[in-house]
Amino acid sequence: MKKTLVLLTVFAISAIAMSSCKKDYVCECNYTSYLGTPERAEIPYNNSTKSQAEDACTNYSMPGAKNFDCKLK
């Protein structure tokens, strides 16, 4: 009985550790528009893991924008 309880506990802990926590993240980008005015945009990433949101935020681009700087909030 003890072995079964220990095995179930180990299985439960490993299942929790291996599952990814999905949340809503916002990518905030500051840039200069093609007209030369400073702009800010917020791009939501809903139900994403942090690594997915970071990758998407890092790779986000806007045609014609200069000095593009995006950070995950």
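The structure we're discussing is the one just above.
Worth saying up front: this structure is predicted, and the values here are computed from it rather than measured. (Residues numbered from 1 in each chain as written. Predicted model: local features only at pLDDT ≥ 70, side-chain atom pairs only at ≥ 80, totals over all residues. Heavy atoms only, no water.)

**Student:** Hey, could you go over the environment of glutamate 54 for me, with residue numbers and the actual values?
**Tutor:** Among the secondary structure elements, glutamate 54 is positioned in helix α2 (residues 50-59). When the C-alpha positions of glutamate 54 and cysteine 27 are compared, they lie 8.2 Å apart, and in sequence the two are 27 residues distant. (Helix = DSSP H or I, 4+ residues; strand = E, 2+ residues; numbered from the N terminus.)

**Student:** Outline the side chain of serine 48, listing residues and values.
**Tutor:** By secondary structure assignment, the location of serine 48 is in strand β2 (residues 38-48). Of the polar contacts made by the side chain of serine 48, one reaches the backbone oxygen of asparagine 46; its length is 3.3 Å. Apart from the residues within four sequence positions on either side, serine 48 is in contact with Cys21, Lys22, Lys23, Tyr25 and Ala53. (Polar contact = N/O pair within 3.5 Å; in protein donor to acceptor, adjacent residues only side chain to side chain. Contact = heavy atoms within 4.5 Å.)

**Student:** Describe the sheet that holds strand β3 (residues 66-72), listing the residues and the values that go with them.
**Tutor:** Reading across the sheet, the three strands line up as β2-β1-β3 and stay open at both edges, with antiparallel pairing between neighbours. Edge positions in the open sheet fall to β2 and β3, since each of these has one partner strand only. Averaged over neighbouring strand pairs, the angle between their axes works out to 20° when direction is ignored. Taken together, the five bridges between strand β1 (residues 23-32) and β3 define a ladder with antiparallel strand orientation. Residue pairing across strands places cysteine 29 opposite cysteine 70, the latter belonging to β3. (Pairing = 2+ DSSP bridges. Axes fitted to C-alpha atoms, helices over the stretch in contact; angles between N-to-C directions.)

**Student:** Account for the state of the cysteines, with residues named and values stated.
**Tutor:** Counted under the stated rule, the structure contains two disulfides. Note that cysteine 27 is cross-linked by a disulfide to cysteine 57, the S-S spacing being 2.0 Å. Negative torsions about the S-S bond denote left-handed disulfides, and the value of about 70° found for cysteine 27 with cysteine 57 makes this one right-handed. Placement of cysteine 27 in strand β1 and of cysteine 57 in helix α2 is noted, with a sequence separation of 30 residues between them. Under the relative-accessibility criterion, cysteine 27 is labelled buried at 0%. Looking at cysteine 57, the relative accessible area reads 3%, which means it is buried. In the protein, numbering the disulfide-bonded cysteines from first to last in sequence yields the connectivity 1-3, 2-4. (Disulfide = S-S within 2.5 Å. Buried < 20%, exposed > 50% of the residue type's maximum accessible area, 1.4 Å probe, protein only.)

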